[in-house]
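# Report on the structure
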Amino acid sequence: MLEQIKKTASFILAEAAKIGGSDFGTPEVGIILGTGLGGLVGSIDISASIDYKDIPDFPVSTVEGHSGRLIFGLLGGRRVVAMQGRFHYYEGYEPWQVVFPVRVMKFLGVRTLFVSNASGGINPTFRTGDIMVITDHINLIPNPLVGPNIAELGPRFPDMHGCYDPHLREIAAQVAAAEGIELKYGVYVGGTGPTFETQAEYRYFGAIGGDTAGMSTTPEVIAARHMGIPVFGASIITNVGLSDEAGDHEDVQKQGAAAEKKMTTLFTEIIKRL
Ligand code: HPA
């Protein structure tokens, strides 16, 4: 596995350098563009882009609304690599496949990871269109670290205190104040999907300490923290779980698009201040 990760990273760096020429430099910031962050691509001064299908050993994204490529370039004055399209457990990938790109990012040189997603609000103060800074998570997706530990990546029993970096959250609060962006804060519950939760399940997620329900992110954050990479995560509340409205993928896409501008500003400005 470790050899596969390193081999894939070397391949990607060689390809990106070939495409980017003198503009290419190894990325220091990794970004997983979930729902609502697609527009961030427009703010990246792109030096190279590689389709997942052209990368040996990379999974290929299947879900509607998520294309699949790695984008290299400058954002907020920093060299970034962005994943346009992520891999969800519900698509049928093994947990190790879901986190494979995050592990590859480490060997591309990434030292900070930014993630975004869409989720259903459980906290009664949350409204559709809100942005929630993720302060912590509850992972209900099979843990990607199950299996022999890869000691070169991290410890057998990784600590998960502060898995959403407190310092990065502080910067987010400063950016939000400066830009007039209202932020909510809370705990993201990562479930397997692909069903949206039943009313009883939303109540259950709330009862165990969750503020929103989603179907991604927790595996990638676990893999990043295993490797000691600090993480910032934000979630767009695309639906309110405990309401009479049915959750649906189109609404998720629509709300995601509506919040895109705020999310793009938030992420870009944090990256600028790293
Ligand atoms: N549940 C799970 N995942 C989601 C939801 C939800 O209500 N909304 C957007 N992604």
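Provided above is the structure to which this section pertains.
Okay, so let's go over this structure. Starting from 1, residues in each chain are numbered consecutively following that chain's sequence as written. Only residues with pLDDT of at least 70 get local features here, since the model is predicted, and only at 80 or more are side-chain atom pairs given and counted; chain-wide, interface and lining totals rely on the full set of residues. Values reported for side chains reflect all heavy atoms of the structure, with hydrogen atoms and water molecules removed beforehand.

## Description of the site of the ligand
Neighbouring residues are identified by heavy atoms, a residue being near a molecule or strand if any of them is within 4 Å of it. Lining the immediate environment of the ligand, one finds A118, S119, G120, F196, E197, Y202, A213, G214, M215, T238, N239 and V252. Y202 is positioned such that a nitrogen or oxygen atom in its side chain is 2.5 Å from an oxygen atom of the ligand. Pairs of N or O atoms are called polar contacts if they sit within 3.5 Å, as long as, within protein, a hydrogen donor faces a hydrogen acceptor (for residues adjacent in sequence, only side-chain-to-side-chain pairs). For the ligand, a nitrogen atom lies 3.4 Å from a polar atom in the backbone of A213. When the free accessible area of the ligand is taken as 260 Å², the share hidden by the protein chains comes to 96%. The dominant element in the shell around the ligand, judged by the number of residues it contributes, is strand β5 (residues 112–121), at three residues. Classification used: nonpolar for Ala, Val, Leu, Ile, Met, Phe, Trp, Tyr, Cys and Pro, charged for Asp, Glu, Lys and Arg, polar for all others including Gly. Of the residues assigned to the shell around the ligand, the class counts are six nonpolar, five polar and one charged. Per-residue and other accessible areas follow the Shrake-Rupley method at a 1.4 Å probe size, with only the shown protein chains counted as cover for residues. Helical segments are the DSSP runs of H or I of at least four residues, strand segments are the runs of E of at least two, and each set is numbered from the N terminus.

## Focus on unusual backbone geometry
Excluding glycine, residues mostly carry a negative phi; peptide bonds, for their part, are mostly trans. Going from G193 to P194, the amide bond is cis rather than trans, its omega being -5°. For D57, which is not glycine, the phi torsion reads 75° and is therefore positive. We call a residue buried when its accessible area falls under 20% of the maximum for its residue type, exposed when it is over 50%, and partly exposed in between, using a 1.4 Å probe and counting protein chains only. Since its relative accessible area comes to 36%, D57 is described here as partly exposed. Backbone geometry places T217, a non-glycine residue, at a positive phi of 70°. As for its placement among the helices and strands, T217 is situated in the loop between β8 (212–214) and α5 (218–226).

## Quick word on the pattern of salt bridges
In what follows, salt bridge is the name for a side-chain nitrogen of Lys or Arg lying within 4 Å of a carboxyl oxygen of Asp or Glu. Tallied over the full model, the rule gives nine salt bridges. D51 is the salt-bridge partner of K53, the closest N and O atoms lying 3.4 Å from each other. Overall, D51 belongs to the partly exposed group, its relative accessible area being 28%. Each of E28, R78 and R111 takes part in one network of salt bridges that share partners.

## What to know about the side chain of S47
Tracing the backbone through its elements, the reader meets S47 in strand β2 (residues 45–51). Given a relative accessible area of 17%, S47 falls into the buried group. Setting aside its immediate chain neighbours within four residues, S47 contacts I19, G20, D23, F24, F72 and G73. Working rule for contacts: check all heavy atoms of both residues, and any pair within 4.5 Å makes them a contact.

## Here we look at the nonpolar core
Take the buried Ala, Val, Leu, Ile, Met, Phe, Trp, Tyr and Cys residues and link them wherever side-chain atoms come within 4.5 Å; each set so joined is a nonpolar core. Counting 43 residues, the largest nonpolar core has I12, F58, L70, F72, V104 and L113 as its most contacted members. Counting 30 residues, the second-largest nonpolar core is a separate cluster that includes L33, V175, A176 and I236.

## Observations regarding helix α2 (residues 95–108)
Over its 14 residues, α2 runs 21 Å from end to end, which matches the ideal 20 Å to within 8%, given 1.5 Å per residue. Along its buried surface, α2 packs onto α1 (2–20), β1 (29–33), β3 (69–75), β4 (78–84), β5 and α5. After α2 finishes, the residue G109 shows a positive phi value of roughly 115°. One fewer than the residue count of a helix, multiplied by 1.5 Å, yields its expected span.

## A few points about the packing of aromatic side chains
Aromatic rings from Phe, Tyr and Trp, with only the six-membered ring used for Trp, were paired whenever their centres fell within 6.5 Å, and each pair was classed as stacked if the ring planes differed by under 30 degrees, edge-to-face if by over 60, and tilted otherwise. On inspection of all chains with the given rule, the structure shows eleven aromatic pairs. When the ring of F24 is compared with that of F72, the centres are 5.4 Å apart and the planes differ by 70°; the resulting orientation is edge-to-face. Here the residue F24 occupies a position in the loop between α1 and β1, and F72 occupies one in strand β3, the gap between them amounting to 48 residues. Between F87 and Y93, the aromatic rings sit 5.3 Å apart at their centres with planes inclined by 80°, giving edge-to-face as the arrangement. Note on accessibility: F87 and Y93 belong to one class, buried.

## Section: the side chain of D165
Inspection of the secondary structure puts D165 in the loop between β6 (131–139) and α3 (166–179). If we ignore the near neighbours within four places in the chain, the residues touching D165 are P230 and V231.

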